Amino acid sequence: MTLHKREQDSLLQTYRRLPIDVAYGKGMYLYDRNGRAYLDFLNGVAVNALGYGNEKLVRAISDQTAAYIHVSNYFVQQPQVELAEKLIQLTGFKRVFFCNSGTEASEAALKLARKWGSVKGKSNIVSLQNSFHGRTMGSLSMMSNDDYRDGFGPFLDGFQSIPFNDVPALRSEVSETTAAVIFECIQGEGGIYEISNEFASALKELKRELDVLLIADEVQSGVGRTGKFLACEHYGLTPDIVTLAKPLGGGLPLGAMLASEALQDVLKPGNHGTTFGGNPVACAAGKVVLEEVVDNGLMRNAEVVGGYFLEKLASIKHDLPDTIKEVRGRGLMIGAELTFPGKTVVDTMLEKGIIINCTHGNVLRFLPPLIAERSHVDELVDALRAVLESSNVPAEVSH
Ligand code: PLP
């Protein structure tokens, strides 16, 4: 029996799996058991910022594993403290809470905002439509997309979702009773949509006028992917809370919530916690991720190679306007919106040995490791051009 068949007979079928028998990864490539190489621009869904098999990362994980794998949060742990110090130094935030995933970081942010608001008569949370914050009930309560929510209600009280980038809706929804507004500066799962400068300005004004917290979900956009450590830096935004996860643990489960000075004493011992959060092996890996991304130039690489990638995609759009409607993004967080559903493009690219992803039905989403070079972009773009040239664009979208 094949591994795929055994998987179907043993695991809940909550995922659509790719037809690859993974053997190992090296750099930008994943290899199957027959030795076939796949250029991996899916990248563990924006997780493996350093690519596969980074030696420093493997060594840090192995050294910490040999020292101790887990002791619980009853103990002060050096890898946690060092990673928190580095995050604080990089972002200017004042305190860090570690957890295991993006959705747990969302939950921590919600709880911190609610606790802060509880003594001020503020409990409402405003979020943006088309956003993605995770799969737990708190995160789902902040989302609007039926694909994720259908059948799971009732959701938590006190949440309102407004249309993306709609300044009048933001102004009418946010009030004295609003504890926080949560947003992705660049919506990832939603299809790579950026908040507008007007919307960012309105957020800043409301924060000042009504004393509401701004929560930036940087689970997908953070840790250097867009060319800055946090995507909110592109918009001059200084949130009160930032959530991180995906690349932070170098492939090990690690999330973080960063809190501003004003929030540093809101949560007291026992108010929030997790058994595994801030696992020392994951934190040791996180230190290497930050060193490589920030100190050793991967963040700069994301900006440069991302710019090149955007140009290349724009040139396909120029030559094949019937196929690509829009190219957008920053750094190595890029989307190419097709004029037709992207599934067949993703499948054909896979047949050619290139792993990409489609979100929102028709947005090819590229979140490669931050080690990607121009040559990898060329390999992908040449294949994509060929696939799009031979695509049967549905008659209703062709000119
Ligand atoms: N927030 C954003 C912006 C995300 O993209 C994701 C996952 O894709 C999450 C939160 C949830 O992260 P996790 O799957 O680690 O719970």
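Our structure's up above, just so we're on the same page.
Residues numbered from 1 in each chain as written. Predicted model: local features only at pLDDT ≥ 70, side-chain atom pairs only at ≥ 80, totals over all residues. Heavy atoms only, no water.

Visitor: Where do I start with the overall build of the protein chain in this structure?
Guide: Regarding its fold elements, the protein chain presents 13 helices and 17 strands. The C-alpha atoms of the protein chain give 21 Å as radius of gyration, which agrees with the globular expectation for 399 residues (21 Å, within 12%). Considered along the principal axes of its C-alpha atoms, the protein chain spans approximately 60 × 55 × 45 Å. A buried classification covers 52% of the 399 residues belonging to the protein chain. Within the protein chain, contacts between residues at least 6 apart in sequence are counted, and of these 72% link residues at least 24 apart. When the accessible surface of the protein chain is split by element, carbon and sulfur atoms take 51% of a total near 17,900 Å². Computed over 39 positive and 48 negative side-chain charges, the inter-centroid distance for the protein chain is 3 Å. (Helix = DSSP H or I, 4+ residues; strand = E, 2+ residues; numbered from the N terminus. Rg over C-alpha atoms; globule rule 2.2 N^0.38 Å. Buried < 20%, exposed > 50% of the residue type's maximum accessible area, 1.4 Å probe, protein only. Contact = heavy atoms within 4.5 Å. Areas by Shrake-Rupley, 256 points an atom, 1.4 Å probe, with all protein chains shown as cover. Lys, Arg positive; Asp, Glu negative; His and termini not counted. Charge placed at Lys NZ, Arg CZ, Asp CG, Glu CD.)

Visitor: Looking at this model, I keep getting lost on the environment of Val76. Mind explaining?
Guide: Relative to the helices and strands, Val76 resides in the loop between α3 (55-67) and α4 (78-91). Note: C-alpha distance between Val76 and Leu230 (154 residues apart in sequence) is 27 Å.

Visitor: Mind showing me how you'd approach the layout of surface pockets here?
Guide: Rolled over the atoms, a probe with the dimensions of a water molecule shows which regions are left empty. Space inside the second largest pocket adds up to approximately 790 Å³. For the lining of the second largest pocket, the secondary structure elements donating two or more residues are α4, β4 (95-99) and β12 (255-259). Counted by class, the lining of the second largest pocket contains 15 nonpolar, 10 polar and three charged residues. (1 Å grid on protein atoms, 1.4 Å probe; cavity = no way out; pocket = protein on both sides within 12 Å on 5 of 7 lines; lining within 4 Å. Points joined across faces, edges and corners; volume = space filled by probe spheres on them. Nonpolar A, V, L, I, M, F, W, Y, C, P; charged D, E, K, R; others polar.)

Visitor: How should the sheet that holds strand β17 (residues 363-366) be read in this particular structure?
Guide: In a beta sheet, neighbouring strands pair by backbone hydrogen bonds and run either parallel or antiparallel. An order of β13-β14-β17-β16 is seen for the four strands of this open sheet, with the pairing classed as antiparallel. Of all strands in the sheet, those with a lone pairing partner are β13 (324-330) and β16 (357-359), marking the two edges. Strand-to-strand twist across the sheet, computed as the mean angle between neighbouring axes with direction ignored, equals 25 degrees. Sheet topology note: the β16/β17 ladder contains three bridges and is antiparallel. Across the sheet, the residue bridging to Asn357 is Arg365, located in β17. Along the sheet, helix α11 (residues 298-319) makes contact with β13, β14 (333-338) and β17, crossing β13 at roughly 170 degrees. (Pairing = 2+ DSSP bridges. Axes fitted to C-alpha atoms, helices over the stretch in contact; angles between N-to-C directions.)

Visitor: Just to check I follow, could you spell out the packing of aromatic side chains for this structure?
Guide: By the definition in use, this model includes four aromatic pairs. Relative to Tyr148, the ring of Phe132 has its centre 4.9 Å away and its plane inclined at 70 degrees; by these criteria the two rings are edge-to-face. Here Phe132 is found in the loop between β5 (124-128) and α6 (137-141), whereas its partner Tyr148 is found in helix α7 (residues 146-149), with 16 residues between them in sequence. The buried category is assigned to Tyr148, whose relative accessible area is 16%. The structure contains a cluster of three or more aromatic residues connected by ring pairs, namely Phe41, Phe309 and Phe366. Positioned above the aromatic ring of Phe155, the side-chain terminus of Arg149 is 4.1 Å from the ring centre. (Phe/Tyr/Trp six-rings, centres within 6.5 Å; stacked < 30°, edge-to-face > 60°. Lys NZ or Arg CZ within 6 Å of the ring centre and 35° of its normal.)

Visitor: How should I be thinking about the site of the ligand in this particular structure?
Guide: What surrounds the ligand is the set Ser101, Gly102, Thr103, Phe132, His133, Gly134, Glu184, Glu189, Asp217, Val219, Gln220 and Lys246. Between an oxygen atom of the ligand and a main-chain N or O atom of Gly102, the distance comes to 2.8 Å. For the ligand, a nitrogen atom lies 3.3 Å from a polar atom in the backbone of Phe132. In the complex, the protein chains occlude 83% of the 390 Å² of accessible area that the ligand would expose alone. Of the residues in the shell around the ligand, the class split is two nonpolar, six polar and four charged. (Near = heavy atom within 4 Å. Polar contact = N/O pair within 3.5 Å; in protein donor to acceptor, adjacent residues only side chain to side chain.)

Visitor: I tried to follow the packing of α3 against helix α10 (residues 280-295) on my own but got confused; where do I start?
Guide: Put simply, α3 and α10 touch, their axes get as near as 8 Å, and they point 155 degrees apart. One finds that α3 runs roughly antiparallel with respect to α10. When you trace α3 past α10, the crossing you get is right-handed. Facing α3, whose interface residues are Lys56, Leu57, Ala60, Ile61, Gln64 and Thr65, α10 presents Pro280, Val281, Ala284, Ala285, Val288, Val289 and Glu292. (Parallel < 35°, antiparallel > 145°, perpendicular 65-115°, else oblique. Left-handed = near helix turned anticlockwise from the far one by under 90°.)

Visitor: Looking at this structure, I do not really get the pairing of strand β11 (residues 241-244). What am I missing?
Guide: Regular strands show a simple pattern: their side chains alternate between the two faces of the sheet. The two faces of β11 match: Ile241 and Thr243 on one face and Val242 and Leu244 on the other face are all buried. Where strand β10 (residues 213-217) lies against β11, three bridges are found, and the strand directions are parallel. Pairing of Asp217 across the sheet is with Thr243, part of β11. Bridging between β11 and β12 involves four bridges; their strand directions are antiparallel. Within the sheet, the bridge partner assigned to Thr243 lies in β12 and is Met257.

Visitor: For this particular structure, what's the right way to read the environment of Leu50?
Guide: Checked against the element boundaries, Leu50 lands in the loop between α2 (43-46) and α3. Among the residues examined, Leu50 registers a relative accessible area of 5% and is labelled buried. Spatially, the C-alpha atoms of Leu50 and Gly250 are 7.2 Å apart, while their sequence positions differ by 200 residues. Apart from residues no more than four positions distant in its own chain, Leu50 is found in contact with Leu57, Val288, Val289, Glu292, Val293, Leu298 and Ile371.

Visitor: I tried to follow the sheet that holds strand β3 (residues 37-40) on my own but got confused; where do I start?
Guide: Strand order in the open sheet formed by four strands is β1-β2-β3-β15, and the pairing between neighbours is mixed. Edge positions in the sheet fall to β1 (22-26) and β15 (354-355), since each of these pairs with one other strand and no more. Of the pairings in the sheet, the one linking strand β2 (residues 29-32) to β3 comprises three bridges and is antiparallel in character. By the bridge assignment for β3, Tyr31 is matched with Ala37.

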